[in-house]
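Now for the letters of each chain:
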Amino acid sequence: MTARVGRALGIAVAVCFVTGLISHVHQHPADWFPLPPYPEQGYRVTQGLHVATGLICIPLVLVKLFSVYPLLLRWPPARSPLHALERLSIAVLVSSVLFQLITGVLNIAQWYPWPFFFTTTHYAIGWVLIGSVLLHLAIKAPVIVGALRERLDDDTELDDDAHLDDDTHLDTDRDRDGDEGLSRRGLLTGTAGAATALTLLTVGETVPGLGPIALLSPRRPDIGPQNFPVTKTAAGARVREAARAADWALTVAGPTTLSLTLDDLQGLTQHEIELPIACVEGWSASAVWGGLRLSDLLERAGIDPGATVRAVSLEKGGLYRTSTLSPAQAWHPHTLLAMRLRGESLAIDHGYPLRLISPNRPGVLQTKWLDRVEVV
Ligand SMILES: Nc1nc2c(c(=O)[nH]1)N[C@H]1C(S)=C(S)[C@@H](COP(=O)(O)O)O[C@H]1N2
Ligand SMILES: [Mo]
């Protein structure tokens, strides 16, 4: 049973790890790996999978720990130096799994009750976790292979005083008599049911249509000004006055430096595009945005098509006041400086007067309250 739960957990951890790496390269782009602006919904899908597979790990980890905990508490803790090493690797595995699950869940709840920076720590412990998983798989390979070959008897009851023959073999032949209690197959079915229910009750924060049953998710994709969620508000970013200032103008700094008022911007060719905001904190929502093509402005300012550009917010501080765009992102025809959301002027919390919206990009890089675009 442990091997079967472990197999499902291994798949969930693998998907969660790979999608986590993808999220990391988006948020910390490397010069040698410019991110493509396609597939347009790419980040929405990988980040949704990251959060969903992470949440599925919770029931799987709990059941897996439950199925082996007598082994974890056995005395003496180590019989030989090698055995001590193996147990140490399990201690690292269990603590890194718990760390990732707890920090991940608090992150999607937007609660950061710790002194460290979530992003870098969650990323670093991700490597510790995957390393200890691989080590664990290598050590346990013979046991796992053997266990998965064995049939799981329908009527084998879980005995809470499980008799442990050796490190790994739970005696399956005892306690076939009673019909009260939970069978192993029953526990596996229950675990699968819990994982499915957890997914259905949370994934609505990112899968269109399931929003109304996202009872366990901290976000609903249709709640907020203009029926669209908000992460940082204008008040929280202290930009309420600056964003509404009469002398607001967008500067595009290039060989020709442009200074464009809202009226100027409205006089230029307008475009509309449906794109999602896919937040690293797990929710996503899609809408039609209206505004100017960034490439039109870059061209007017005489900026070289090979240039990496930076969008700068009028927000004074904060981690997310600027974001960079690779040349492919900056010149993509669907990359807009948006003034409208669903045909209405942007609400101030969504970035009035101007925000960036670009395909295959984490929400955290869809910078709001812009007042400057420049070459990096
Ligand atoms: N200037 C600025 N832009 C920002 C942020 C910010 O804190 N400051 N937060 C980002 C994050 S984390 C997300 S998910 C999106 C959310 O956009 P929305 O509030 O319009 O949904 O805005 C992004 N743009
Ligand atoms: Mo976000």
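Heads up: these notes are all about the structure in this document. Computed from a predicted model, the values in this text were never measured in an experiment.

1. Overview of the state of the cysteines
Point 1. Within the structure shown, the criterion is met by 0 disulfides.
Point 2. Unpaired in terms of disulfides, C57 finds its nearest cysteine sulfur in C16, a separation of 5.7 Å.

2. What to know about helix α5 (residues 184–202)
Point 1. Over its 19 residues, α5 runs 27 Å from end to end, which matches the ideal 27 Å to within 8%, given 1.5 Å per residue.
Point 2. Inspection of α5 places R184, L187, L188, T191, A195, L198 and T202 among the buried residues, and these make up the whole buried set. The buried residues of α5 occupy one face: seen down the axis, they fall within an arc of 105°.
Point 3. On the buried face of α5, the contacting elements are α1 (2–27) and α2 (42–72).

3. Quick word on the site of ligand 1
Point 1. Near ligand 1 lie 20 residues; those nearest to it are P229, E315, H350, R355 and K368.
Point 2. Within the side chain of R355, one N or O atom sits 2.6 Å away from an oxygen atom of ligand 1.
Point 3. Against a free-state accessible area of 530 Å², the protein chains account for coverage of 97% of ligand 1.
Point 4. Grouping the constituent residues of the shell around ligand 1 by class yields 9 nonpolar, 6 polar and 5 charged.

4. Quick notes on the nonpolar core
Point 1. L250, L265 and L337 are the most contacted members of the largest nonpolar core, which totals 31 residues.
Point 2. At the level of elements, β1 (250–253), β2 (258–260), α8 (294–300), β5 (309–313), β7 (336–341) and β10 (370–375) are the ones that each hand at least two residues to this core.
Point 3. Leaving out residues up to four positions away in the same chain, L250 has contacts with L258, S259, L260, L265, L297, L337, L354, D371, R372 and V373.
Point 4. Grouped together as the second largest cluster of nonpolar side chains are 19 residues, L9, F17, V61 and L187 included.

5. Side note on the packing of aromatic side chains
Point 1. If you walk through the whole model with that rule in mind, you get 11 aromatic pairs.
Point 2. Seen in terms of ring centroids, F17 and W127 are 5.1 Å apart; in terms of plane orientation they differ by 85°. Their pairing is edge-to-face. Pair noted here: F17 is in helix α1 and W127 is in helix α4 (residues 118–149), with a separation of 110 residues, a long-range link.
Point 3. A relative accessible area of 18% places F17 in the buried class.
Point 4. By relative accessible area, W127 is classed as partly exposed at 44%.
Point 5. A centroid spacing of 5.5 Å and a plane angle of 80° characterise the contact between F228 and W289, whose relative ring orientation is edge-to-face. Here F228 is found in the loop between α5 and α6 (240–244), whereas its partner W289 is found in strand β4 (residues 284–293), with 61 residues between them in sequence.
Point 6. Assessed through its relative accessible area of 1%, F228 is described here as buried.
Point 7. Put simply, the rings of F99, Y112, W114, F116 and F118 touch in pairs and so form one group of aromatic residues.

What counts, and where the lines are drawn
Residues numbered from 1 in each chain as written. Chains lettered and ligands numbered in written order. Predicted model: local features only at pLDDT ≥ 70, side-chain atom pairs only at ≥ 80, totals over all residues. Heavy atoms only, no water. Disulfide = S-S within 2.5 Å. Helix = DSSP H or I, 4+ residues; strand = E, 2+ residues; numbered from the N terminus. Expected span 1.5 Å × (residues − 1). Buried < 20%, exposed > 50% of the residue type's maximum accessible area, 1.4 Å probe, protein only. Arc of directions from axis to C-beta. Contact = heavy atoms within 4.5 Å. Near = heavy atom within 4 Å. Polar contact = N/O pair within 3.5 Å; in protein donor to acceptor, adjacent residues only side chain to side chain. Areas by Shrake-Rupley, 256 points an atom, 1.4 Å probe, with all protein chains shown as cover. Nonpolar A, V, L, I, M, F, W, Y, C, P; charged D, E, K, R; others polar. Core = buried A, V, L, I, M, F, W, Y, C linked by side-chain atoms within 4.5 Å. Phe/Tyr/Trp six-rings, centres within 6.5 Å; stacked < 30°, edge-to-face > 60°.

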